[in-house]
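Below, each chain spelled out in residue letters.
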Amino acid sequence: MTNDQHFLDVPRIMLLDGTDVPAFRVAKYLCGCGGHGVAIVMPVAPPWTLLNYFEAASACRARGHALISARQCLAIAHDICLQSVNWSGGAIGMGKVFLGLHKGSIVTPQ
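Note that the structure is a prediction, hence the values are computed from the model and not measured.

Caption draft 1: Region of the structure containing the overall build of the protein. The secondary structure content of the protein amounts to two helices and six strands. Looking at the 110 residues of the protein, the share that counts as buried comes to 21%. Carbon and sulfur atoms make up 62% of the accessible area of the protein, which totals about 7900 Å².

Caption draft 2: Here's a closer look at the pairing of strand β4 (residues 24-27). Of the two faces of β4, only the one carrying Phe24 and Val26 is buried; Arg25 and Ala27 on the other face are not. Summarising the sheet, strand β1 (residues 7-10) and β4 pair through four bridges and their orientation is antiparallel. Looking at β4, one finds that Val10 is bridged to Phe24.

Caption draft 3: The side chain of Asn86, seen in detail. Mapped onto the secondary structure, Asn86 falls in the segment after α2 (70-81). Polar contacts involving the side chain of Asn86 include one to the main-chain carbonyl oxygen of Ile80, which spans 2.9 Å. Residues within four places of Asn86 in sequence aside, it is in contact with Ile80, Lys96, Val97 and Phe98.

Caption draft 4: Layout of the state of the cysteines. Counted under the stated rule, the structure contains zero disulfides. Distance from the sulfur of Cys31, which forms no disulfide, to the nearest cysteine sulfur (Cys60) is 4.8 Å.

Cut-offs and rules
Note that residues are indexed from 1 along each chain, following the sequence as it is written. Predicted model: local features are reported for residues with pLDDT of at least 70 only, side-chain atom pairs are reported and counted for 80 or more only, and whole-chain, interface and lining totals are derived from all residues. Hydrogens and water are ignored here; the side-chain numbers use all heavy atoms of the structure. In DSSP terms, a helix is any run of H or I states spanning at least four residues, a strand is any run of E spanning at least two, and both are numbered starting from the N terminus. The buried label goes to any residue with under 20% of its type's maximum accessible area, the exposed label to any with over 50%, and the partly exposed label to all in between, with areas taken from a 1.4 Å probe on protein chains only. All accessible-area figures derive from a Shrake-Rupley calculation using a 1.4 Å probe, and residue coverage is judged against the displayed protein chains alone. At least two bridges found by DSSP between two strands are what make those strands a pair. In protein, a polar contact means a hydrogen-donor-capable atom and an acceptor-capable atom, both N or O and within 3.5 Å, with residues adjacent in sequence counting only if both atoms are side-chain atoms; elsewhere, any N or O pair within 3.5 Å suffices. The criterion used for residue contact is that any of the two residues' heavy atoms lie within 4.5 Å. The disulfide criterion used throughout: a pair of cysteine sulfur atoms within 2.5 Å.

These figures capture arrangement, not role.
Okay, structure coming up:
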């Protein structure tokens, strides 16, 4: 089962090299294996392992999705850096970019 609330909207991003990455949706969680080898995105599903790239791409396509591209990963990282809340100094370019969970609200593995 794939739930729309388990995805995030990533806005259109212009990377520093001038590449335009169109807006896209990305899963909040790693894909798990549902019944009959179908990819599922749920917070409680264990990550699907022991499959190769082609099997992963096929499982995603079967759900109407695609594997994330390298450019999309860069777009997410760039978007993170463009948000003042992600900087230790409270403003873009001030201090360091927070890495991982930093607000103390998570105390167990997710």
